[in-house]
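Okay, here's what each chain looks like letter by letter:
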Protein chains: 2
Amino acid sequence: MGTVTKALSLLGYFSHGRPEIGLSDLTRLSGMNKATVYRLMSELQESGFVEQADGDRSYRLGPQVLRLAALREAAVPILSVSRRVLKDLSTQTGETTHLSLVQGSQLNSLSHAYSPRHATRVMMEDAEVLTYHGTASGLAVLAFAEPDFVDAILSGPLHSHTAATVTDPEAIRAHLREVRKVGMAQSVGGFEAEVHSHAVPVFGPDAKVIGALAVAAPVSRMTADQAALIPEALRGAGRTLTHRIGGAAPADYPNEAAA
Amino acid sequence: MGTVTKALSLLGYFSHGRPEIGLSDLTRLSGMNKATVYRLMSELQESGFVEQADGDRSYRLGPQVLRLAALREAAVPILSVSRRVLKDLSTQTGETTHLSLVQGSQLNSLSHAYSPRHATRVMMEDAEVLTYHGTASGLAVLAFAEPDFVDAILSGPLHSHTAATVTDPEAIRAHLREVRKVGMAQSVGGFEAEVHSHAVPVFGPDAKVIGALAVAAPVSRMTADQAALIPEALRGAGRTLTHRIGGAAPADYPNEAAA
DNA sequence: AACCAATGGTTCAAATAATGAACCAATAAT
DNA sequence: ATTATTGGTTCATTATTTGAACCATTGGTT
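Residues numbered from 1 in each chain as written. Chains lettered and ligands numbered in written order. Predicted model: local features only at pLDDT ≥ 70, side-chain atom pairs only at ≥ 80, totals over all residues. Heavy atoms only, no water.

The next point concerns the packing of aromatic side chains. Residues and elements named next belong to chain A. Counted according to the given criterion, the structure contains nine aromatic pairs over all chains. Aromatic pair F203 and Y253: ring centres 5.0 Å apart, planes at 70°, arrangement edge-to-face. Note that F203 is positioned in strand 7 (residues 195-203) and Y253 in the loop between helix 9 (224-244) and helix 10 (254-258), a separation of 50 residues in sequence. F203 gets classed as buried once you look at its relative accessible area, which sits at 1%. (Phe/Tyr/Trp six-rings, centres within 6.5 Å; stacked < 30°, edge-to-face > 60°. Helix = DSSP H or I, 4+ residues; strand = E, 2+ residues; numbered from the N terminus. Buried < 20%, exposed > 50% of the residue type's maximum accessible area, 1.4 Å probe, protein only.)

What follows is the structure, given as structure tokens:
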């Protein structure tokens, strides 16, 4: 691992649950030497990627990342485009919808929309890490990802989020074959109990999967009507989003042919 | 310059005008060795901070920056808070408004709002670099920045954007004293011709200036009425934004006492 | 008040990783 | 057909990173 990769990997320890991290904690989390972590963080701080919280001396993400994200969006406006698609999809289905993108070996939720129709709804946060094996979005991505990538994910540790999480690699592979056939993944209580999610893959310009679009509803609201309406609306939204970002579905993707 | 700083500095060459950069260009821009740039970019790519555009092999910012920006916003929600303030300020003034933040030694526009009132309006882009000496926002920041910081900026090269740009350090310092007195900066055609900008500083929790809030109007619309209304609305918006992000104005900031 | 265990931060010889000139293959321009 | 330029690679030399040990402070225990 090069020095730069090491420094950037430190940024990976920040999350919603851990927005600020002290030097000692970072040392423990990363397993690196304290002096090393200190020097790397000092460099990241110099560049504005992290800053030190006021009273405390612990680190948090810095303002420089905002500039980069704004430029990224200007070059590849996935988030801004997705907001419209998500809003429409939430309106159509009456449920919470979200977009997640593949970032290295992890899948991150990055944009979401709610519907005002029901008082109860599935809540989402942006920049949350989703597992590939335990979420409909993750399965939708895996089903259309490169075999090497799938192998890498399935050979890693597969945690159980709920009692309903499938963690057996062979069972997951069987599931993926099914997803490939219908072009959509479902997960009932696999990540959060009482949540029924549908997800379709989103493709980039090279016809490679770059993320997933999902509808998350309380299981109690999954009536026959909804179970018919959601897949249809979702498939349409997936096609729209892939198209608007200049993407293209691969030849073997069933939703296109069926459209 | 450490290796990490060097790698991150490469990200600084991306902008709206240059969203994708090839290896040779990046080598020339940075003045580093080609092999070095290649290795650094490879590491940045590995971490998802840049990616290579499809057909071309040139680099552009990667998806990983989106995740970090979402987390930064979750920890310090300046952008989301500012959007409301900017929208209100645009409605009140009928003009374009924008927020810029200090990021290291540069000032970046990061959020903006338009008013639908007039057909012509000053256009803005996010993640644009503003100069300290040539914009109202920059002057508002400098006027309340640490003396060392001001010295560093004014001792660097000061480019002329338009015929009206003031580039003499002593003239700028005199201007800054004036800004400190009234708590607001103005620039008429200093960055873009025909644009009259007003700006107030925004302060962080430690009473240090972190950026500026500005109203940008065509000079032709700067009637006596507007020239009275804009400063008042802007001062109010500045106070609101500083307050909402948990910031505090320093004791010598005049807008507070006047309120 | 003395003690202990944390914390963030610093030092310096030893180990390792970064560097840069030269080189290659493949396009693009003349 | 020739030349320049592109992205990418190599490897001995060089310079940076590393890590164990060390401080100074802080907060909690007894």
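Right, picking up where we left off after that structure.
Pairing between the strands of a sheet comes from backbone hydrogen bonds, and it takes one of two forms, parallel or antiparallel. Residue and element names in this part refer to chain B. Strand order in the open sheet formed by six strands is 5-4-3-8-7-6, with antiparallel pairing between adjacent strands. Of all strands in the sheet, those bounded by a partner on one side alone are strand 5 (128-130) and strand 6 (185-188). Each adjacent strand pair in this sheet contributes to an overall mean axis angle of 30°, direction not counted. As paired elements, strand 4 (residues 106-113) and strand 5 share three bridges and run antiparallel to each other. Note that in strand 5 the partner of S109 across the bridge is E128. (Pairing = 2+ DSSP bridges. Axes fitted to C-alpha atoms, helices over the stretch in contact; angles between N-to-C directions.)

The subject of this paragraph is the environment of B:R83. Topologically, B:R83 is positioned in helix 5 (residues 78-93). You can call B:R83 partly exposed: its relative accessible area is 48%.

Attention now goes to the protein's contact with DNA strand C. Around DNA strand C sit 19 residues in total, of which A:S24, A:K34, A:Y38, B:N33 and B:R39 are the nearest. Counted by atom, the contact set of DNA strand C within 4 Å of the protein is 71% sugar and phosphate. A:S24 is positioned with one of its side-chain polar atoms (N or O) 2.4 Å from a phosphate oxygen of DNA strand C. Of all the secondary structure elements, the ones that give two or more residues to the surface near DNA strand C are helix 2 (23-30) and helix 3 (34-46) of chain A together with helix 1 (3-11) and helix 3 (34-46) of chain B. Counting residues per element, the surface near DNA strand C draws most heavily on helix 3 of chain B, which supplies four residues. (Near = heavy atom within 4 Å. Polar contact = N/O pair within 3.5 Å; in protein donor to acceptor, adjacent residues only side chain to side chain.)

Quick look at unusual backbone geometry now. Although it is not a glycine, A:A127 adopts a positive phi angle of roughly 65°. Position of A:A127 relative to the elements: it lies in the loop between strand 4 (106-113) and strand 5 (128-130). Residue classification places A:A127 among the buried residues on the basis of a relative accessible area of 4%. With a phi angle near 65°, B:A207 is a residue other than glycine that sits in the positive phi range.

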